[in-house]
Amino acid sequence: MRSFQRVSDVIEVLAEKALMVGFGGIFVLVFASLVFNYKGADNAGLPLFIVLLIIGLGLVGFAGFHLLQIRKVERVASDCPYCTYRNDLTAVPDSDFLCQSCNRLIPVKDGAILKVDQVRCGFCNTLNYYSEKTDVLLCEECNREIPIATDEDDPDRPRKRIAAGFAVTDDDDLYELILTGKGGKTEELISALQHMLALNRNQVKQMLDELPVTMLTGITKKKAEILQVQLSIHDGISEIRSMSNNQPR
Ligand SMILES: [Zn+2]
Ligand SMILES: [Zn+2]
């Protein structure tokens, strides 16, 4: 089990206990006062009243004890390295934990929160974070893997960095997008293509009869990839080719 907990969780448990025990105590005291009112002329109910009074007061006191514990909960402020939200923990963290605000896993090593580095997804340009503990980095937005590699210069300290040739690299090559197939959503695909290529319906239909067909040429890889995803939503199968060496990508 982890040696630390979220302060808010601990307080919730204590408050719940205090509330339950406290209500129980009040209920017993109300009952005791009823017993006192109807104790009878010969005071036959008096011993029961006294027993109930002691139990009721005991429970209320116990509830108060729990409330006091809340004030004594240890707080170790642990700032989220992603969103800087202050996570209050009951002890110094000794393992990774989720940020209460942004829900990201905060990396912890040797009792210290690791620094995170930023990288933009090479595909969708979303800002992502990684630390030296990150093994596989998946883009938060599009779920594609952003490759990271160990720094060769310093193998003892496995500080991760972004592999060369990825992330946001300026790819000056031009690409073409070739539509090679279509699935069942033909109508959807037609309207998507009409929109994409500014063609009329008949032109698009004719195009689909002549697959494979080069849709666009001289576009950046990023644009080609975005269009490829849009087409795949409508079951369109496409291929991106570099115009310099004609290899399928
Ligand atoms: Zn956060
Ligand atoms: Zn992405």
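These lines cover the structure that appears in this document, whether it is placed above or below. (Residues numbered from 1 in each chain as written. Chains lettered and ligands numbered in written order. Predicted model: local features only at pLDDT ≥ 70, side-chain atom pairs only at ≥ 80, totals over all residues.)

**A closer look at the overall build of the chain**
Phase 1: The helix and strand tally for the chain stands at 5 helices and 15 strands.
Phase 2: Put simply, the chain has 249 residues, and 14% of those count as buried.
Phase 3: When contacts within the chain are restricted to residue pairs at least 6 apart in sequence, long-range pairs at least 24 apart make up 51% of them. (Helix = DSSP H or I, 4+ residues; strand = E, 2+ residues; numbered from the N terminus. Buried ≥ 20, exposed ≤ 12 C-beta atoms within 10 Å, placed from the backbone. Contact = placed C-beta atoms within 7 Å.)

**Notes on the environment of Ser 95**
Phase 1: For Ser 95, the location among the structural elements is in the loop between β2 (86–89) and β3 (97–98).
Phase 2: Residues Ser 95 and Val 108, spaced 13 residues apart in sequence, show a C-alpha to C-alpha distance of 5.3 Å.
Phase 3: Residue contacts for Ser 95: discarding those within four places in its chain leaves Arg 2 and Val 108.

**Here's the deal with the sheet that holds strand β15 (residues 236–242)**
Pairing between the strands of a sheet comes from backbone hydrogen bonds, and it takes one of two forms, parallel or antiparallel.
Phase 1: Strand order in the open sheet formed by 3 strands is β14-β13-β15, with antiparallel pairing between adjacent strands. Edge positions in the open sheet fall to β14 (213–219) and β15, since each of these has one partner strand only. Averaged over all pairs of adjacent strands, the angle between their axes in this sheet comes to 25°, without regard to strand direction.
Phase 2: Bridge count for strand β13 (residues 175–182) against β15 is 7 bridges, and the pairing is antiparallel. Note that in β15 the partner of Leu 179 across the bridge is Ser 238. (Pairing = 2+ DSSP bridges. Axes fitted to C-alpha atoms, helices over the stretch in contact; angles between N-to-C directions.)

**Observations concerning the environment of Glu 225**
Phase 1: Within the secondary structure, Glu 225 is located in helix α5 (residues 221–233).
Phase 2: Classification of Glu 225 by C-beta neighbours within 10 Å gives buried; the count is 20.
Phase 3: Along the sequence, Glu 225 and Leu 177 sit 48 residues apart, while their C-alpha atoms lie 8.7 Å from each other.
Phase 4: Excluding anything up to four places from it in sequence, Glu 225 contacts Phe 123 and Ile 240.

**Some remarks on the pairing of strand β8 (residues 127–130)**
Phase 1: Relative to β8, strand β7 (residues 117–120) runs antiparallel, the two being bridged by 4 bridges. The partner of Gln 118 across the bridge, within β8, is Tyr 129.
Phase 2: Linkage of β7 to β8, two consecutive antiparallel strands, is achieved through a turn of 6 residues, within which Asn 125 is found at a positive phi near 70°.

**Topic: the packing of helix α1 (residues 7–37) against helix α2 (residues 46–72)**
Phase 1: Put simply, α1 and α2 touch, their axes get as near as 8 Å, and they point 160° apart. Considering the angle they form, α1 stands roughly antiparallel to α2. Here the hand of the crossing between α1 and α2 comes out left-handed.
Phase 2: Looking at the contact of α1 with α2 residue by residue, the class counts come to 23 nonpolar, 6 polar and 1 charged. (Parallel < 35°, antiparallel > 145°, perpendicular 65-115°, else oblique. Left-handed = near helix turned anticlockwise from the far one by under 90°. Nonpolar A, V, L, I, M, F, W, Y, C, P; charged D, E, K, R; others polar.)

**Looking at the nonpolar core**
Phase 1: Counting residues in hydrophobic clusters, the biggest one holds 7 residues: Tyr 175, Leu 177, Leu 179, Met 215, Ala 224, Leu 227 and Leu 231.
Phase 2: Within the residue set of this core, elements represented by two or more residues are β13 and α5.
Phase 3: Ignoring anything within four residues of it in the chain, the contact list for Met 215 reads Leu 177, Ile 178, Leu 179 and Leu 197. (Core = buried A, V, L, I, M, F, W, Y, C linked by C-beta atoms within 7 Å.)

**Considering the environment of Arg 86**
Phase 1: Note that Arg 86 resides in strand β2.
Phase 2: For Arg 86, a count of 12 C-beta atoms within 10 Å puts it in the exposed group.
Phase 3: Each C-alpha atom, one on Arg 86 and one on Gln 100, is 8.6 Å from the other, the two residues being 14 residues apart in sequence.
Phase 4: What Arg 86 contacts, discounting residues up to four positions off in sequence, is Ala 77 and Asp 79.

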